[in-house]
Amino acid sequence: MTMKSLDPFGYWPTFRSRITGLGGEDEPSDLSYILHSSYTAVEPGPAIATVAFEGLAASAGLIEVSVFQLHAEHTPQVTQAGKAGALLSTLARTNRPVRIAFEAIPGAEYAVIGQSFGDCRARAHGVTIGIGPRSATDDLARHRSQFGRLKARLSTALASTERPSLRAPVSQGFSHAQLTEGDFTHWATWLPADDTPESRWEAAYILRTLEAYGRLEKGARGLGFARDADPVAAIAETVGCTTMNVTLRPDEEISAAIDRTIADRPDGVGFDFLWTRGGVMEGLGPVRAETTVGDLLDRLRPGGLAIHIFAAGNDIRDDVFDSNALNRLALGLVADGHIVAQLRHDHHDDGPRTRLDPIVPFGIVVRRATEMMN
């Protein structure tokens, strides 16, 4: 049995969706209603459902998509087999589908249901639903990463003006003060001495973050992207990690590098950690960068760790991220259920930043949601 296309409104064809432009004309009895397919049989075993909107525009609202299971011989007859949530504005910007993995059982039928609770301001031209067996690629990415020591700590704010330190790395930017810390000195002995301070900091920051978050462990799988020779992969392999290191060609964007190297490979998913550095995110701008980060998170196991280095500063170029752009990126990831380490913007050594401040690398640390592929 292959993937089926379902009518998004097959269960209640006359009901109007909360997303303007979708569904029928009648007021639904459930005011959270976005879509509800009819029930259909699915081949027993690992399965997946996808929901993709066409022409979606949204300024507010969160969608929760569930797969419900109907089995006449079970009590209760209807149960939830899987769910995932996403910010509608994020789906609109990135044009990415919602994916829900579940286990189909013999004798059961399945429906896909979408709901939005609270404020919802969104419009779309159409929506498609697919359901069917999960591929080996989907299944590899489904199982939760077993690596990681630190638990998420509650903080008073997503962004902070505290000075960053490699002793307890979070989402933070380069500073000369960090080059004098013992943690930098430790990792710097492994790094090329003729690299720039910023490049050496990038590598040391990634390695120290992987170490602090329990990813530099024997058996962990890592994926890295850089524009030049990158020592991070080789160093990670000395402790027993298995890494896949991608070097971008001149003027190649990361999306093209993904298509060229790992997009069609069965082992191109299911990583425990990944990183991007060395200008890989340059040229994308905030919206495309958000899409790229989301696509790469799909290549991690649930609970896996991503570290992305951006160019930060007040330059007018679209690919340079100021603090507001970095905060928006982090908020979008949090709204999609991921965990983002606190952002520490005070990455300069002497006082507040000015328009004359240089462009410096800034790392965003993201732990992939553990519920998205359950």
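Refer to the preceding data block for the structure.
Notes on the structure follow.

Scoring rules and cut-offs
- Residues numbered from 1 in each chain as written.
- Predicted model: local features only at pLDDT ≥ 70, side-chain atom pairs only at ≥ 80, totals over all residues.
- Heavy atoms only, no water.
- Phe/Tyr/Trp six-rings, centres within 6.5 Å; stacked < 30°, edge-to-face > 60°.
- Helix = DSSP H or I, 4+ residues; strand = E, 2+ residues; numbered from the N terminus.
- Buried < 20%, exposed > 50% of the residue type's maximum accessible area, 1.4 Å probe, protein only.
- Axes fitted to C-alpha atoms, helices over the stretch in contact; angles between N-to-C directions.
- Left-handed = near helix turned anticlockwise from the far one by under 90°.
- Contact = heavy atoms within 4.5 Å.
- Nonpolar A, V, L, I, M, F, W, Y, C, P; charged D, E, K, R; others polar.
- Core = buried A, V, L, I, M, F, W, Y, C linked by side-chain atoms within 4.5 Å.
- Polar contact = N/O pair within 3.5 Å; in protein donor to acceptor, adjacent residues only side chain to side chain.
- Pairing = 2+ DSSP bridges.
- Salt bridge = Lys/Arg side-chain N within 4 Å of Asp/Glu carboxyl O.
- Right-handed = clockwise from strand over helix to strand, strands pointing away.

Think of a pair of aromatic rings as described by two things: how far the centres are apart, and how the planes are tilted against each other in angle. All chains considered together, the criterion is met by 10 aromatic pairs. Ring centres of F174 and W201 lie 6.1 Å apart, and the angle between their planes is 85°; this geometry places the pair in the edge-to-face category. You can see F174 sitting in the loop between strand 13 (171-173) and helix 3 (182-188) and its partner W201 sitting in helix 4 (residues 197-212), a full 27 residues away along the chain. Take F174: its relative accessible area is 3%, and that puts it in the buried class. Since its relative accessible area comes to 0%, W201 is described here as buried.

This brings us to the packing of helix 7 (residues 285-297) against helix 8 (residues 323-335). It is at 11 Å that the axes of helix 7 and helix 8 come closest, and there the two elements cross at 35°. Relative to helix 8, helix 7 is oriented so that their crossing is right-handed. Between helix 7 and helix 8, the contacting residues are P286, E290, V293 and L297 on the first element and A325, L329, G332 and L333 on the second. Residue composition of the contact of helix 7 with helix 8, by class: 6 nonpolar, 1 polar and 1 charged.

Note that soluble globular proteins tend to have their nonpolar side chains buried in a common cluster. If you look at the biggest cluster of nonpolar residues, it comprises 34 residues, and the most contacted ones within it are I19, L35, V51, F53 and V112. For this core, the secondary structure elements donating two or more residues are strand 2 (33-36), strand 4 (45-54), strand 6 (62-70), strand 7 (78-87), helix 1 (88-94), strand 8 (98-104), strand 9 (109-116) and strand 11 (126-133). Setting aside its immediate chain neighbours within four residues, L35 contacts P8, F9, V51, F53, V112, I113, G114, V127 and I129. With 33 residues, the next largest nonpolar core counts L274, A289, F310 and V340 among its residues.

The next thing to look at is unusual backbone geometry. With omega at -5°, the peptide bond leading from T75 into P76 counts as cis. Structurally, P76 can be placed in the loop between strand 6 and strand 7. The backbone phi angle of D251 is positive, close to 65°, even though this residue is not glycine. Its location among the elements puts D251 in the loop between strand 15 (242-247) and helix 6 (254-261). Judged by its relative accessible area of 80%, D251 falls in the exposed class.

Attention now goes to the side chain of Q342. Mapped onto the elements of the fold, Q342 is located in the loop between strand 18 (339-340) and strand 19 (343-344). Owing to a relative accessible area of 14%, Q342 belongs among the buried residues under this scheme. Polar side-chain contacts of Q342 include one of 3.4 Å to the side chain of R344.

Quick look at the sheet that holds strand 4 now. Across the sheet, which stays open at both edges, the 4 strands sit in the order 1-11-4-8 with antiparallel pairing between neighbours. Every interior strand has two partners, whereas the edge strands, strand 1 (4-6) and strand 8, have only one. Adjacent strand axes in the sheet meet at a mean angle of 25° when their direction is disregarded. Where strand 4 and strand 11 come together, 8 bridges link them in antiparallel fashion. The residue bridging A47 from the neighbouring strand is P133, located in strand 11.

Let's shift gears to the pattern of salt bridges. According to the stated counting rule, one finds 12 salt bridges in the structure shown. Residues R344 and E162 are paired through a salt bridge, measuring 3.4 Å at the closest nitrogen-oxygen approach. Taken together, the positions of R344 in strand 19 and E162 in the loop between strand 12 (159-160) and strand 13 put the pair 182 residues apart, joining distant regions of the chain. Residue E162 is classed as partly exposed on the basis of its relative accessible area of 45%. The shortest N-O distance in the salt bridge between R301 and D272 comes to 3.8 Å. With R301 in strand 17 (residues 300-312) and D272 in strand 16 (residues 271-276), this pair connects stretches of sequence that are 29 residues apart. Its relative accessible area of 3% is what places D272 among the buried residues. One continuous salt-bridge network, built from bridges that share partners, spans D183, R208 and E211.

Here we take up the pairing of strand 9. Of all 8 residues making up strand 9, 7 are buried, and the element is well covered by its neighbours. As paired strands, strand 2 and strand 9 are joined by 3 bridges and run antiparallel to one another. Residue Y33 lies in a different strand from strand 9, and its bridge partner there is Q115. With 8 bridges joining them, strand 6 and strand 9 adopt antiparallel strand pairing. Bridging from a neighbouring strand, L70 pairs with E109 of strand 9.

In terms of burial, strand 17 is a largely internal element, 13 of the 13 residues being buried. Regarding topology, helix 7 serves as the crossover connection from strand 16 to the parallel strand 17, and that connection is right-handed. Relative to strand 20 (residues 360-367), strand 17 runs antiparallel, the two sharing 8 bridges. Across the sheet, I307 pairs through a bridge with V365, a residue of strand 20.

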